[in-house]
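Notes for the structure review
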Amino acid sequence: MVAEQGDRVRVATDNVTYEGTLMPSTTINIVVKLDNGYNVGVDRSACIELLEKKAPAPRSEKSEEDTGAVEEEGLPTVAILSTGGTIASKVDYRTGAVTSQFTAEDILNAIPELRKIANYRTKVVYSILSENMRAEYWITLARAIAEEIEKGADGIIVTHGTDTLGYTASALSFMIKTPVPIVLVGSQRSADRPSSDNAMNAICAASVAVSDIAEVSVVMHGTTSDDYCLIHRGTRVRKMHTSRRDAFRSINAQPIGRIDYPSCKIETFTGYARRGERKLALHDRMEPKCTILRYTPGMSPELLRFCSLSGYKGIVIDGTGLGHVAADWIPLIEFATAEGIPVVVTSQCLNGRICDRVYDTGRDMLRAGAIEGEDMLSEVALVKLMWALGQGWSYEEVCAKMKEGLAGEISGSSGCRHEYCAFDNL
Ligand code: ASP
């Protein structure tokens, strides 16, 4: 039998032999994906031996709709909503690239341990790589989640690409007050790679989805080993590494907790909203026309004028240090805020809090109407601004809400904590 792409093969030349999966080959080379995940190219004159035909991928017939799974009595019901990303992906042997091809039902079939934790309803909301997410998709997703909670789901899992997982987690945190856990999960390596993190992340996510932690959280590997996952608050988490399995970190806050693997024992580090403590509420309007300007030395303030005059409704400036831009930006900040466009300042430092009362620049920025973004991540400030502007509040209300902690995005009460602020004379 002739070996085809996706089959397991042994390829031998005069001096070396490789075993692995046959990939799309070039006119010069036969390409084999080794078990360690790396590809090797071998001259076409090499001898190929077929070891195993590729297994047909398990696929759900009813991939676009809710699928009724076999119910185990006494187990809670979890709704899995899939949006795509690597957790729903495998290598496409036509292109050698990773593409989103699995539904939530496929994920369930591939990870049988999940069935011991809960009964599931599954739904495909999107099948996209998360770089294609947008505000209107967050809204559709929030509505789908609310519908599942209304239909009695005891917990929700959202499978999602890792690139913009933090943005979606943050958007859902502002849009939904939830009585049950809403857990976002992804994976850094697709299911067909030996080092895939998808099964452990999904099992940990399911365990959090049936727990008492009724918050929007992100559950991903805590270390590069398979020992525990961290449970991050949806408004505090950032992807901090391009490829490591433990890429997700809570910034400016402790994670809510950790979940050991394989015992699935949860240990919490912070307070959290408990199951049933809050009633379901959906505030799903968003103003998409907002942006982040990352200030760099010498950057032209004209960009701010451009945004103000081309219909942007809210601007986050990711400033330097305690929250600064060059002095020539101040008149343009004043111009934007006079137009009724909120300008929120965050810091490229990531860690720490904005305090625009220490240096002259900061004080001038505040006089020009800039809002200190407290200790929010810049992307969280952006999503919050989009959400706040969607609520139909006045300019003053939006500015006030940006400084108020609404979904765990700001530590403590708002206000500068810098030692010099004691001498505040604004
Ligand atoms: N680009 C992919 C995505 O965000 C990466 C991943 O899922 O990990 O959809």
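The present account deals with the structure reproduced in this document. Not measured: the values here are computed from a predicted model.

Quick notes on the nonpolar core
In terms of nonpolar packing, the biggest core is built from 84 residues, with Ile145, Ile156, Met175 and Met286 touching the most fellow members. Not counting residues within four places of it along the chain, the set of residues in contact with Ile145 comprises Leu81, Ile156, Val158, Leu172, Ile176 and Ile182. If you look at the next biggest cluster of nonpolar residues, it comprises 19 residues, including Tyr295, Ala336, Ile341 and Ala370.

Details of helix H5 (residues 302-309)
Among the residues of H5, Leu304, Cys307 and Ser308 are the ones counted as buried. Along the long axis of H5, the arc covered by the buried residues comes to 100°, so they all point the same way. Turned more than 90 degrees off the buried face of H5, the exposed positions are Phe306 and Leu309. Buried residues in H5 make contact with strand S21 (290-294), strand S22 (314-319) and helix H6 (330-338). Two residues or fewer past H5, Gly311 is found with a positive phi of approximately 90°.

Focus on the sheet that holds strand S2 (residues 17-22)
Strands sit in the order S4-S3-S2-S1-S5 across an open sheet of five strands; the sheet is antiparallel. Both edges of this open sheet fall to strand S4 (39-43) and strand S5 (47-52), since each of them pairs with a single strand only. Averaged over all pairs of adjacent strands, the angle between their axes in this sheet comes to 45°, without regard to strand direction.

Considerations on the pattern of salt bridges
In a structure, side chains of opposite charge can pair up when their charged atoms sit close to one another. Enumeration over the complete set of coordinates arrives at 26 salt bridges. The shortest N-O distance in the salt bridge between Arg245 and Asp226 comes to 3.0 Å. In this pair, Arg245 is assigned in the loop between strand S16 (237-239) and strand S17 (248-250) and Asp226 in the loop between strand S14 (216-221) and strand S15 (228-233), connecting sequence segments 19 residues apart. Residue Asp226 is classed as partly exposed on the basis of its relative accessible area, which comes to 42%. Linking Lys403 and Glu374 is a salt bridge whose minimum nitrogen-to-oxygen distance equals 2.8 Å. Taken as a pair, Lys403 in the segment after helix H9 (395-402) and Glu374 in the loop between strand S24 (371-372) and helix H8 (378-390) lie far apart in primary sequence, 29 residues in all.

Describing the sheet that holds S21
The strand order across the open sheet formed by four strands is S21-S22-S23-S24, and the pairing between neighbours is parallel. Strands at the two margins of the open sheet, each flanked by one partner only, are S21 and S24. Where strand S23 (residues 343-347) meets S24, two bridges bridge the pair, whose relative direction is parallel. Its bridge partner being in S24, Val345 is matched across the sheet by Glu372. H8 contacts S21, S22 and S23 of the sheet and is inclined by roughly 165° relative to S22.

What counts, and at which threshold
- Residues numbered from 1 in each chain as written.
- Predicted model: local features only at pLDDT ≥ 70, side-chain atom pairs only at ≥ 80, totals over all residues.
- Heavy atoms only, no water.
- Core = buried A, V, L, I, M, F, W, Y, C linked by side-chain atoms within 4.5 Å.
- Buried < 20%, exposed > 50% of the residue type's maximum accessible area, 1.4 Å probe, protein only.
- Contact = heavy atoms within 4.5 Å.
- Helix = DSSP H or I, 4+ residues; strand = E, 2+ residues; numbered from the N terminus.
- Arc of directions from axis to C-beta.
- Pairing = 2+ DSSP bridges.
- Axes fitted to C-alpha atoms, helices over the stretch in contact; angles between N-to-C directions.
- Salt bridge = Lys/Arg side-chain N within 4 Å of Asp/Glu carboxyl O.

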